[in-house]
Amino acid sequence: MKGLAIGAALLGVLALEGCAGMDAKEQRVLSGAAIGTGAAAIAALLVAFVFRDQVPVPRAAARVGGLTLVYTGMALAGWAAWHLRSAVRDIVVPRRPDLVTSGPYRYVRHPLYLAMCIALLGAATVLRSWLGLCAVACLFLPTELYRARLEDRALAARFGSQWSTYARHTPFFVPGSR
């Protein structure tokens, strides 16, 4: 669980690197979104930890189910990062000269954000925390969706009609949805 908390904090910090070269207003919006997402992830983990053992499910079952979600989220994040290569550090601002549509990006436009959400849900499940699950849904998910919308705008500005075609055919956050 410490690894998830550290990862959430780094997510916000690393995203700030992508703000170089922008005007001050854009930097404030994007850095605020990055910090907000990291803070929301840490808050969700803290809520899950403080209010653990609330769900009347055997510990072993919660551990197996939760760790499956954590590892699934981490694997999806690794797969998405592999396809982004060096651009994975610029969470909102596109750095690559090409639009990535391979790997998990064939199925969803924001697999890294989806991966973090899955992993945090897994952590709350391991801790058997209803409030932790609610914190992921009510604190973390809205900040992730906000950042994803910012990223959509940045990608649309950068890639124009190529992005429009990709966005029209690829679900936003949930594979198979329209």
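1. Structural notes on the pattern of salt bridges
Counted by the stated rule, this structure contains 4 salt bridges. Measuring nitrogen to oxygen at the nearest pair gives 3.0 Å for the salt bridge that ties Asp53 to Arg59. Taking relative accessible area as the criterion, Asp53 reaches 38% and is therefore assigned partly exposed. Classification of Arg59 as exposed rests on a relative accessible area of 57%.

2. Observations regarding the state of the cysteines
Such a bond, covalent and formed between the sulfur atoms of two cysteines, is termed a disulfide. Scanning the entire structure with this criterion turns up 0 disulfides. The thiol sulfur of Cys134 is not disulfide-bonded, and the nearest other cysteine sulfur, from Cys138, lies at 5.8 Å. Residue classification places Cys138 among the exposed positions, given a relative accessible area of 59%.

3. Quick look at unusual backbone geometry
Positive phi is not limited to glycine here, since Asp53 has a value of about 60 degrees. Within the fold, Asp53 resides in the loop between α2 (24-50) and α3 (59-84).

4. Overview of the environment of Pro142
Relative to the helices and strands, Pro142 is located in helix α5 (residues 130-169). For Pro142, a relative accessible area of 40% puts it in the partly exposed group. As for Pro142 and Thr37, which are separated by 105 residues in sequence, their C-alpha atoms are 8.7 Å apart.

5. Let's talk about a nonpolar patch on the surface
A surface patch of nonpolar side chains, about 380 Å² in accessible area, is lined by Phe49, Val50, Phe51 and Leu131. By the secondary structure assignment, Phe49 is in helix α2.

6. Some words on the packing of helix α4 (residues 111-126) against α5
Put simply, α4 and α5 touch, their axes get as near as 10 Å, and they point 175 degrees apart. In terms of axis orientation, α4 runs roughly antiparallel to α5. Residues Tyr113, Met116, Cys117, Leu120, Leu121, Ala124 and Thr125 of α4 pack against Gly132, Leu133, Val136, Phe140, Leu141, Glu144, Arg147, Ala148 and Glu151 of α5. Taken together, the residues of the contact of α4 with α5 break down into 11 nonpolar, 2 polar and 3 charged.

The rules behind each value
Residues numbered from 1 in each chain as written. Predicted model: local features only at pLDDT ≥ 70, side-chain atom pairs only at ≥ 80, totals over all residues. Heavy atoms only, no water. Salt bridge = Lys/Arg side-chain N within 4 Å of Asp/Glu carboxyl O. Buried < 20%, exposed > 50% of the residue type's maximum accessible area, 1.4 Å probe, protein only. Disulfide = S-S within 2.5 Å. Helix = DSSP H or I, 4+ residues; strand = E, 2+ residues; numbered from the N terminus. Patch = residues over 30% accessible without salt bridge, like charges linked within 9 Å, V, L, I, M, F, W, Y side chains within 5 Å. Areas by Shrake-Rupley, 256 points an atom, 1.4 Å probe, with all protein chains shown as cover. Axes fitted to C-alpha atoms, helices over the stretch in contact; angles between N-to-C directions. Parallel < 35°, antiparallel > 145°, perpendicular 65-115°, else oblique. Contact = heavy atoms within 4.5 Å. Nonpolar A, V, L, I, M, F, W, Y, C, P; charged D, E, K, R; others polar.

Geometry only, nothing functional implied.
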